[in-house]
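Understanding the architecture of this molecule
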Amino acid sequence: MDFNYWEQYYSKQNAELMPSLFAHYVADLLEDRKVDIVELGCGNGRDSVFFAKQGHNVDAIDQCYNEICLLINQYQHLDNLDFRCDDFTDLMDSEPYDVVYSRFTLHSVNKEQENRTLEWAYRNLKKNGLLCIEVRGQRNEIYKVGEAVENEKDAFILDNHYRRFINFDKLCDDLRNLGFSLNFAREDKDFAPYNGKNETYIRVIARK
């Protein structure tokens, strides 16, 4: 993972950014239930803060120490929100969650780390719990743009930033092989328009 890239990126961000469309989508799925959520790679915290303000109990994990310290200080008044500095691809097992939430994080790690993360998610979800993924796939408009990463399939460096583009069918097969059922799985536009661009992304809701 590009640790230094993300430290610099988030140092320039406004911590009061609005939650993503994916966070709203997942919140709608939960309806009025109050659940236990873990966000894997929370970044500037916008989606974790949103879920906490909705009344959910949220663990928010990211490797960017400076950003996590800032978020802990800024949101210490929310007693249902716990920010933690850790590697989301190498977590210890915990009390099970109702939701494991991963937005734009699996494309920032290699395939081995992805596999560990998906396996951890299955083990650490309650029965009928949801794994919610949004990620860049191989239909994304910048796939194969940039410098190919040596000895890694479908990974590229663009603007000094690592991205690995997920194969949609392989992701779905991997989830099913772990024991998940797929409530929703699509690679399409309109999931995450940003700054006038409407790129193609993968969105998956998998149930244990």
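Residues numbered from 1 in each chain as written. Predicted model: local features only at pLDDT ≥ 70, side-chain atom pairs only at ≥ 80, totals over all residues. Heavy atoms only, no water.

Let's talk about helix α6 (residues 168-178)
- Among the residues making up α6, those that are buried are Phe168, Leu171, Cys172, Asp174 and Leu175. Projected down its long axis, α6 carries its buried residues within an arc of 160 degrees, all on one side. Residues of α6 that are exposed and point more than 90 degrees away from the buried face comprise Asp169 and Asn177.
- Where α6 is buried, its residues touch α5 (111-123), β5 (125-135), β9 (181-188) and β10 (201-207). (Buried < 20%, exposed > 50% of the residue type's maximum accessible area, 1.4 Å probe, protein only. Helix = DSSP H or I, 4+ residues; strand = E, 2+ residues; numbered from the N terminus. Arc of directions from axis to C-beta. Contact = heavy atoms within 4.5 Å.)

Regarding the pattern of salt bridges
- For the structure on display, the rule yields 14 salt bridges.
- In this structure, Asp98 and Lys126 form a salt bridge, with 3.2 Å as the shortest nitrogen-oxygen distance. Taken together, the residues Asp98 in strand β4 (residues 97-103) and Lys126 in strand β5 connect sequence positions 28 residues apart.
- Exposure remark for Asp98: the relative accessible area of 18% places this residue in the buried category.
- The partner of Lys111 in a salt bridge is Glu114, with the nearest N and O atoms 3.3 Å apart. Remark: Glu114 and Lys111 occur in helix α5; sequence separation between them is three residues, near one turn of the helix.
- On the basis of relative accessible area, Lys111 is assigned to the partly exposed category, the value being 29%.
- Shared partners join several salt bridges into a network, and the residues in it are Lys111, Glu114, Arg164, Lys170 and Asp174. (Salt bridge = Lys/Arg side-chain N within 4 Å of Asp/Glu carboxyl O.)

Some thoughts on unusual backbone geometry
- Positive phi values are uncommon outside glycine, yet Lys144 reaches one of about 70 degrees.
- Position of Lys144 among the secondary structure elements: in the loop between β5 and β6 (147-148).
- Take Lys144: its relative accessible area is 56%, and that puts it in the exposed class.
- At Asp159, a position not held by glycine, the phi torsion is positive, near 55 degrees.
- Following the sequence through the fold, Asp159 ends up in the loop between β7 (155-158) and β8 (161-164).

Let's talk about the packing of α5 against α6
- Remark: α5 packs on α6, axes separated minimally by 10 Å, with the N-to-C direction vectors making an angle of 40 degrees. Viewed along their axes, α5 and α6 adopt a mutual orientation that is oblique. Relative to α6, the crossing made by α5 is right-handed. In this structure, α5 uses Lys111, Glu114, Asn115, Leu118, Glu119 and Tyr122 to contact α6, whose residues at the interface are Lys170, Leu171, Asp174, Leu175 and Leu178. (Axes fitted to C-alpha atoms, helices over the stretch in contact; angles between N-to-C directions. Parallel < 35°, antiparallel > 145°, perpendicular 65-115°, else oblique. Left-handed = near helix turned anticlockwise from the far one by under 90°.)

Focus: the packing of aromatic side chains
- All chains considered together, the criterion is met by 13 aromatic pairs.
- Taken together, a centroid distance of 5.7 Å and an interplanar angle of 55 degrees make the contact between Phe50 and Phe51 tilted. For the pair Phe50 and Phe51, one class covers both residues: buried.
- Put simply, the rings of Phe22, Tyr25, Phe50, Phe51, Tyr101, Phe184 and Phe191 pair up and form one aromatic cluster.
- In this structure, Arg103 is placed above the aromatic ring of Phe104, and the distance from its NZ or CZ to the ring centre is 3.9 Å.
- Here the basic side chain of Lys208 rests over the ring of Tyr122, its NZ or CZ set 4.8 Å away from the ring centre. (Phe/Tyr/Trp six-rings, centres within 6.5 Å; stacked < 30°, edge-to-face > 60°. Lys NZ or Arg CZ within 6 Å of the ring centre and 35° of its normal.)

Quick word on the layout of surface pockets
- Taken as a whole, the second largest pocket spans an internal volume of roughly 160 Å³.
- Looking at the second largest pocket, it is lined by 14 residues, and the ones nearest its centre are Lys111, Asp154, Arg164, Phe165 and Asn167.
- Of all the secondary-structure elements, those providing two or more residues to the lining of the second largest pocket are α5 and α6.
- In terms of residues, the lining of the second largest pocket owes the most to one element, α6, which gives three residues.
- Among the residues making up the lining of the second largest pocket, the classes are represented as three nonpolar, three polar and eight charged. (1 Å grid on protein atoms, 1.4 Å probe; cavity = no way out; pocket = protein on both sides within 12 Å on 5 of 7 lines; lining within 4 Å. Points joined across faces, edges and corners; volume = space filled by probe spheres on them. Nonpolar A, V, L, I, M, F, W, Y, C, P; charged D, E, K, R; others polar.)

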